[in-house]
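Below are the chains, spelled out letter by letter.
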Amino acid sequence: MDFIGNRKRAFAISGVLILAGLVSLLIPGRGLNLGIDFTGGWKYHVRFEQPATVADVRTALTPLGLGQSIIQGAGDLGAPAGRDFVIRTGPLDEAAQAAAKGALAKAFGLTETLSDDPISPSFGRELTLLAVLGVVVASILMVAYITWRFEFKFAITGIIALIHDVFITLGLFSLLRLEITQAFVAATLTIVGYSINDTIVVYDRIRDNMRHRKKEPLAALVNRSIRQSLTRTLNTSGTTLAAILAILVFGGPTTRPFAVALLVGVFAGTYSSIFIASPLWVMWKEHEERMRRRRPRLA
């Protein structure tokens, strides 16, 4: 396959996906579906008379419109059946809180509310700020390291591919109205690390082949480098996706945003390392070579 020759198609596909996500983000009333961590809510630590599971608790709360609450086992370290649970819901007035506690008491014999605390939206803002700061710092360190080990052009095109992956994931969450939680932030940071690692593998092969380049066109050399690293890339992505799919299928509602974000991010990271980062580097190098050839004539 001519990866470099098909770069315009690849850029068009990415452009359409990113544009659709940006439009969804900017449309009033859509944007991001922010979860409890970003909108605020309530956190309860409760204890039941009868053993229950997370699924049982969610079933009891669903008729009240609280089926999407974050529910975790506590005290028993998340064992399949237990009596202590931490429940995080959206903002509730006093009547809704009383109704929720009444439903739990009826279903499992609510004996004690160990804690009852509000969740401030400022926590989500702080989390977002720290995540953005982490991505910026990581990007600067990546540019420095890749420039040292490879070259500056590799570093910049690698970061562009990384930003591409994050925007693809963010846009899809906006389009599908998937909930943005702490897990999504963690998944985004994971995508950043995975994406740049996959891109570096391809860059390493390009660098090795460049050392023995004679008259081979640059596009042909990069195509050969991608093909040489393709098996490793697909094997790594495939095994990673298998683990993510297991989390998606068996993990339940709490881990679903994390799994979906990782699933999209791994696909985007694999795609960008082949069809975005490397073609961008080729375009930059070819432009540099054209400018170098023109200089004597201008002189």
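The rules behind the values
- Residues numbered from 1 in each chain as written.
- Predicted model: local features only at pLDDT ≥ 70, side-chain atom pairs only at ≥ 80, totals over all residues.
- Heavy atoms only, no water.
- Helix = DSSP H or I, 4+ residues; strand = E, 2+ residues; numbered from the N terminus.
- Rg over C-alpha atoms; globule rule 2.2 N^0.38 Å.
- Buried < 20%, exposed > 50% of the residue type's maximum accessible area, 1.4 Å probe, protein only.
- Contact = heavy atoms within 4.5 Å.
- Lys, Arg positive; Asp, Glu negative; His and termini not counted.
- Charge placed at Lys NZ, Arg CZ, Asp CG, Glu CD.
- Phe/Tyr/Trp six-rings, centres within 6.5 Å; stacked < 30°, edge-to-face > 60°.
- Lys NZ or Arg CZ within 6 Å of the ring centre and 35° of its normal.
- Patch = residues over 30% accessible without salt bridge, like charges linked within 9 Å, V, L, I, M, F, W, Y side chains within 5 Å.
- Areas by Shrake-Rupley, 256 points an atom, 1.4 Å probe, with all protein chains shown as cover.
- Salt bridge = Lys/Arg side-chain N within 4 Å of Asp/Glu carboxyl O.
- Axes fitted to C-alpha atoms, helices over the stretch in contact; angles between N-to-C directions.
- Parallel < 35°, antiparallel > 145°, perpendicular 65-115°, else oblique.
- Left-handed = near helix turned anticlockwise from the far one by under 90°.
- Nonpolar A, V, L, I, M, F, W, Y, C, P; charged D, E, K, R; others polar.

Asks: Explain the overall build of the protein chain to me, using residue names and the numbers behind them.
Replies: Counting secondary structure elements, the protein chain contains ten helices and six strands. Relative to the compact-globule value of 19 Å for 299 residues, the protein chain shows a C-alpha radius of gyration of 25 Å, a clear excess of over 25%. Considered along the principal axes of its C-alpha atoms, the protein chain spans approximately 85 × 40 × 30 Å. Residues classed as buried in the protein chain amount to 39% of the 299 residues present. Contacts in the protein chain between residues far apart in sequence, at least 24 positions, make up 80% of those at least 6 positions apart. Of the charged side chains in the protein chain, 32 are positive and 22 negative, and the gap between their average positions amounts to 16 Å.

Asks: Can you lay out unusual backbone geometry for me, pointing to particular residues and giving the numbers?
Replies: The phi dihedral of arginine 177 falls on the positive side, at around 60 degrees, and the residue is not glycine. For arginine 177, a relative accessible area of 31% translates into the label partly exposed.

Asks: Lay out the packing of aromatic side chains in plain terms, naming residues and giving numbers.
Replies: Using the criterion set out here, one finds eleven aromatic pairs in the structure. Pairwise contacts between aromatic rings join Phe150, Phe154, Tyr203 and Trp281 into one cluster. One residue, lysine 153, lies across the ring of tryptophan 284, its end atom 5.8 Å from the ring centre. A cation over a ring is seen here: arginine 207 above phenylalanine 150, with NZ or CZ 4.3 Å from the ring centre.

Asks: So what's going on with the environment of glycine 109? Which residues, and what values?
Replies: Mapped onto the secondary structure, glycine 109 falls in the loop between helix H4 (94-108) and strand E5 (110-119). In the structure, glycine 109 is positioned 62 residues away from arginine 47 in sequence and 8.6 Å away in space, judged by C-alpha atoms. Those residues in contact with glycine 109 that lie beyond four places of it in its chain are Arg47, Phe48, Glu49 and Leu104.

Asks: So, a nonpolar patch on the surface: which residues are in play, and what are the values?
Replies: On the surface, Leu130, Leu133, Val137 and Leu141 cluster together into a nonpolar patch covering about 400 Å² of accessible area. On the secondary structure map, valine 137 appears in helix H5 (residues 122-149). Residue valine 137 is classed as partly exposed on the basis of its relative accessible area of 41%.

Asks: Talk me through the packing of helix H7 (residues 182-210) against helix H9 (residues 256-275); I want residue IDs and the actual numbers.
Replies: Relative orientation of the contacting elements H7 and H9 amounts to 20 degrees, with a least axis distance of 9 Å. In this view, H7 runs roughly parallel relative to H9, as classed from their interaxial angle. For the crossing formed where H7 meets H9, the hand is right-handed. Here H7 contributes Ala183, Phe184, Ala186, Ala187, Thr190, Ile191, Tyr194, Ser195, Asp198, Thr199 and Val202 to the contact with H9, which in turn contributes Phe258, Ala261, Leu262, Gly265, Val266, Gly269, Thr270, Ser272 and Ser273. The residue makeup of the contact of H7 with H9, split by class, is eleven nonpolar, eight polar and one charged.

Asks: Lay out the environment of glycine 90 in plain terms, naming residues and giving numbers.
Replies: By the secondary structure assignment, glycine 90 is in the loop between strand E4 (82-89) and H4. Once the C-alpha coordinates of glycine 90 and valine 266 are considered, the two residues, 176 residues apart in sequence, prove to be 30 Å apart. Setting aside residues up to four positions removed in sequence, glycine 90 forms contacts with Ile36, Gly40, Gly41 and Trp42.

Just geometry here; none of it tells us what the structure is for.
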